[in-house]
Amino acid sequence: MSGGLEGPPPEERPTPEGRRNKQGIRIDPEVEATHEPRRTVISALVEHEPGVLAEVSGLFSRRQFNIESLTVGPTTDDDRARITLVVEEPDPGIDQVKKQLRKLIPVISVRELEPDAMRRELALVKVDADRPDQVAAVADMYDAKTVDSSPETATFEVTGARQKIDAAIETFGQFGIREISRTGTTALARGTDETAGREPAAAVSSAETANQTTYTQTHTDD
């Protein structure tokens, strides 16, 4: 008599639907078909210690989240740092990002910021300086600061929302762009609202409940 567990033979067992990604995580096909991606900002307060950024970025790499930018920097507390993520995913994917971040030991709190949160980015744009007067006029249009200039090139610092940065780069393009470097988005909540504050418990519970019904995880590290 076999010592295995009772149950139907393999050919009669139900087969879950949905594709698997490269990490073996099965995704509900209905979720993929009915949820449009949206861009949002997630702020995470973490312990300021070696390896935290590698642990967070490794999580995103394993799960193939669509991360547009990731920035990290110090806070008023020397023992803590703030990670700001710009994510473009369907709602179930955004909920998964928050859920998985909360499971990391160095993470203290995770919060999705409101759409009206203050978001800023910095870009350095190096352009050809063949038409210096016109280049300067464009720089003034976007309140760009000259950080370097030579007979051949001029480099400007542009600060603002992502849309402003994109527009400035597009306009500078008429002169010939040699190089661009962008910091990625950093953000703070408005007014007395705490950026590092936790989301309401009901919202967290609701999001995690939804995740349990939309994603079937097959890895033991989930």
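Note that the structure is a prediction, hence the values are computed from the model and not measured.

A.B. asks: Just give me the short version of the overall build of the protein, but keep the residues and values in it.
C.D. replies: Across its full length, the protein holds six helices and 11 strands. Out of the 222 residues belonging to the protein, those deemed buried represent 40%. Looking at the protein alone, contacts between residues at least 24 apart form 73% of all its contacts between residues at least 6 apart. A total accessible area of about 13,200 Å² is found for the protein, and carbon and sulfur atoms account for 49% of it.

A.B. asks: Now, about the confidence of the model for the protein: what can you tell me, with residues and values included?
C.D. replies: In the predicted model, the protein carries a mean pLDDT of 83, and the fraction of residues at 70 or more is 78%. A low-confidence stretch, residues 200-222 stays under pLDDT 50, and its non-local contacts, those more than four residues away or across chains, total 34 contacts.

A.B. asks: An account of the pattern of salt bridges is requested, with residue identities and associated values reported.
C.D. replies: Pairs can form between side chains of opposite charge once their charged atoms are near each other. Summed over the entire model, instances satisfying the criterion amount to 13 salt bridges. Close ionic contact of Lys98 with Asp95 constitutes a salt bridge, the shortest N to O distance being 3.7 Å. Placement of both Lys98 and Asp95 in helix H3 (residues 91-103) is noted, with a separation of three residues, approximately one turn of the helix. Each member of the pair, Lys98 as well as Asp95, is classed as buried. For Arg178, the salt bridge identified is with Asp128, shortest N-O distance 2.5 Å. Taken as a pair, Arg178 in strand S9 (residues 177-182) and Asp128 in strand S6 (residues 118-128) lie far apart in primary sequence, 50 residues in all. A network of salt bridges, in which partner residues are shared, links Arg38, Asp91, Asp95, Lys98 and Glu112.

A.B. asks: Please give an account of the packing of aromatic side chains that cites residues and values.
C.D. replies: In this structure the tally under the stated criterion is two aromatic pairs. Seen from their ring centres, Phe60 and Phe65 are 6.1 Å apart, and the 70 degrees between their planes marks the pair as edge-to-face. Judged by centre distance (5.2 Å) and plane angle (15 degrees), the ring pair of Phe156 and Phe172 falls under stacked. Separated by 16 residues along the polypeptide, Phe156 in strand S8 (residues 153-160) and Phe172 in helix H5 (residues 162-172) bring together distant segments of the chain. Owing to a relative accessible area of 0%, Phe172 belongs among the buried residues under this scheme.

A.B. asks: Residues and numbers for unusual backbone geometry, please.
C.D. replies: You will see that Gln64, though not glycine, has its phi angle at about 55 degrees, which is positive. Here Gln64 shows up in the loop between helix H2 (52-63) and strand S3 (67-74). Notably, Asp143 is not glycine yet its phi reads approximately 55 degrees, a positive angle. With respect to the helices and strands, Asp143 occurs in the loop between helix H4 (132-141) and strand S7 (145-149).

A.B. asks: Pulling in residues and values, what's your account of H2?
C.D. replies: Helix length check: H2 (12 residues) gives 17 Å between terminal C-alpha atoms against 16 Å at 1.5 Å per residue, within 8%. All of the buried residues along H2 are Val52, Val56, Gly58, Leu59, Phe60 and Arg63. Those residues of H2 that are buried lie in contact with strand S2 (38-47), S3, strand S4 (80-89) and H3. Gln64, located one to two residues past H2, shows a positive phi value of around 55 degrees.

A.B. asks: Requested: an account of the pairing of S7, with residues and values cited.
C.D. replies: Strand direction decides the pairing type here: S7 and S8, joined by four bridges, are antiparallel. Opposite Ser149, over in S8, you have Ala154 as the bridge partner. The loop that links S7 with its antiparallel partner S8 comprises three residues.

Here is what the cut-offs are and how they apply
- Residues numbered from 1 in each chain as written.
- Predicted model: local features only at pLDDT ≥ 70, side-chain atom pairs only at ≥ 80, totals over all residues.
- Heavy atoms only, no water.
- Helix = DSSP H or I, 4+ residues; strand = E, 2+ residues; numbered from the N terminus.
- Buried < 20%, exposed > 50% of the residue type's maximum accessible area, 1.4 Å probe, protein only.
- Contact = heavy atoms within 4.5 Å.
- Areas by Shrake-Rupley, 256 points an atom, 1.4 Å probe, with all protein chains shown as cover.
- pLDDT = per-residue confidence, 0-100.
- Salt bridge = Lys/Arg side-chain N within 4 Å of Asp/Glu carboxyl O.
- Phe/Tyr/Trp six-rings, centres within 6.5 Å; stacked < 30°, edge-to-face > 60°.
- Expected span 1.5 Å × (residues − 1).
- Pairing = 2+ DSSP bridges.

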